[in-house]
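# Architecture at a glance
Each chain, written out:
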Amino acid sequence: MMRIGLIGGSGLEGLFGGVGYKTVSTPYGDIKYLYKVYDDVGVIFIPRHGPRHEYPPHRVNYRGNIYALAKLGVDRVIATSAVGSIDESLHPGSIVLVDQFIDYTKRSITFYDDYVVHVDVTNPYCRELSRTLYNVGKKLGLNIRWGAVYICTEGPRFETPAEINMFRLLGANVVGMTNVPEVVLAREAGLHYSLVSIITNYAAGMQERVSQEEVLEIMERTSESLKRLIHESIEALPRDEWSDECIRFRDVFRKYVLGVV
Ligand code: HPA
């Protein structure tokens, strides 16, 4: 049976019901997850910030989450996250499938501390997975765009307007605090990974203030559309194996990190 991983961001801990957590152990600590079968697909849901939203962005167990998905036999990962818009044409409530990132964090988190492995991130997000999500989103009539640059900040604070102006000059369209290193670790693990980001606010300086309450309120309001998008995308996903660039490092990961021969 095909297995898909879902990583739920802030405000989406309940996306999957929220009860009956199981635990999987990893070298980075135990990870809690929910397991359900949708049609003919096994779905593993991990709340990025922990089941009670207890880990702030700079303390998320990024390696544990991705390792857990790989260990549980997942091959494709759909992640969700809240982002701020730096781009006047991207409005709160809309959905963006990002295709590039800029790393503005101070994190150096990798599976390859003890081996010299440089992964290729020319296309960091899986285009097969994003294509399905985009087509399903359009069919459902959602306000969805495919193609945006995500800049990742260290957090947990929001940004200054001066930083946002700089990020716009650098070519970023949306800002968030978690996608790096998550997307990079997924690539290191040879997983197909796509990010569905929900715009919850205009970034600092583009509206009067930015607040956590507003972020959670918009996430709550979009969660029904998001559930439909994810459920129908899982149904629509081609069932054959994809041999694109995403999986290039899968064997290296299995050998050096998972220890499977
Ligand atoms: N900045 C950073 N992260 C965010 C924002 C923001 O404005 N909105 C939601 N996540």
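Shown above is the structure to which this text applies.
Residues numbered from 1 in each chain as written. Predicted model: local features only at pLDDT ≥ 70, side-chain atom pairs only at ≥ 80, totals over all residues. Heavy atoms only, no water.

## Brief notes about the site of the ligand
Neighbouring residues of the ligand: Ala82, Val83, Gly84, Phe158, Glu159, Val175, Gly176, Met177, Thr200, Asn201, Val210 and Val215. In this structure, a nitrogen atom belonging to the ligand sits 3.4 Å away from a main-chain N or O atom of Ala82. One of the backbone N or O atoms of Gly84 is found 3.3 Å from a nitrogen atom in the ligand. Coverage of the ligand by the protein chains reaches 95% of its 260 Å² of free accessible surface. Among the elements that make up the shell around the ligand, the one with the highest residue count is strand β5 (residues 76–85) (3 residues). Taken together, the residues that form the shell around the ligand break down as 7 nonpolar, 4 polar and 1 charged. (Near = heavy atom within 4 Å. Polar contact = N/O pair within 3.5 Å; in protein donor to acceptor, adjacent residues only side chain to side chain. Areas by Shrake-Rupley, 256 points an atom, 1.4 Å probe, with all protein chains shown as cover. Helix = DSSP H or I, 4+ residues; strand = E, 2+ residues; numbered from the N terminus. Nonpolar A, V, L, I, M, F, W, Y, C, P; charged D, E, K, R; others polar.)

## Describing the packing of helix α1 (residues 62–71) against helix α4 (residues 179–188)
One can describe the packing of α1 onto α4 by two numbers: an axis separation of 9 Å at closest approach and a directional angle of 35°. Of the two possible hands of crossing, α1 and α4 adopt the one that is right-handed. Every residue of α4 that contacts α1 at Tyr62, Arg63 and Ile66 is listed here: Pro181, Glu182, Leu185 and Ala186. The residue inventory of the contact of α1 with α4, partitioned by class, reads 5 nonpolar, no polar and 2 charged. (Axes fitted to C-alpha atoms, helices over the stretch in contact; angles between N-to-C directions. Left-handed = near helix turned anticlockwise from the far one by under 90°. Contact = heavy atoms within 4.5 Å.)

## Some words on the nonpolar core
Formed by 44 residues in total, the largest nonpolar core has its most connected members in Ile66, Val98, Phe111, Tyr193 and Phe253. Elements supplying a minimum of two residues to this core: β3 (31–38), β4 (41–47), α1, β5, β9 (149–153), α4, β11 (192–202) and α6 (250–258). Here the element with the most residues in this core is α1; it accounts for 6 residues. The contacts of Tyr193, once residues within four sequence positions are left out, are Arg48, Val77, Ala79, Pro124, Tyr125, Cys126, Leu129, Asn179, Glu182, Val183 and Ala186. The next biggest cluster of nonpolar side chains, apart from the first, holds 33 residues, and it includes Met2, Leu129, Leu229 and Cys246. (Core = buried A, V, L, I, M, F, W, Y, C linked by side-chain atoms within 4.5 Å. Buried < 20%, exposed > 50% of the residue type's maximum accessible area, 1.4 Å probe, protein only.)

## Description of unusual backbone geometry
A cis geometry characterises the amide bond from Gly155 onward to Pro156, with omega recorded as -5°. You can see Pro156 is positioned in the loop between β9 and α3 (161–170). Following Val180, the chain continues into Pro181 via a peptide bond in cis, with omega recorded as 15°. Summarising the element assignment, Pro181 is placed in helix α4. At Asp39, a residue that is not glycine, the phi angle is positive and equals roughly 55°. By the element assignment, Asp39 lies in the loop between β3 and β4. Taking the relative accessible area as the measure of exposure, Asp39 reaches 47% and is therefore partly exposed. The phi dihedral of His53 is positive, around 55°, even though this residue is not glycine. Mapping His53 onto the fold places it in the loop between β4 and α1.

## Digging into the packing of aromatic side chains
Within the structure shown, the criterion is met by 8 aromatic pairs. With 6.3 Å between their ring centres and 40° between their planes, Tyr125 and Tyr193 make a pair best called tilted. One end of the pair, Tyr125, is in the loop between β7 (100–104) and α2 (127–139); the other, Tyr193, is in strand β11, and 68 residues separate them in sequence. Residue Tyr125 is classed as buried on the basis of its relative accessible area, which comes to 3%. Look at Tyr193 and you get buried, because its relative accessible area is 1%. Grouping aromatic residues by their ring pairs yields a cluster made of Tyr28, Tyr67, Phe111 and Phe253. Just above the ring of Trp242 sits the side chain of Arg76; from NZ or CZ to the centre is 3.7 Å. (Phe/Tyr/Trp six-rings, centres within 6.5 Å; stacked < 30°, edge-to-face > 60°. Lys NZ or Arg CZ within 6 Å of the ring centre and 35° of its normal.)

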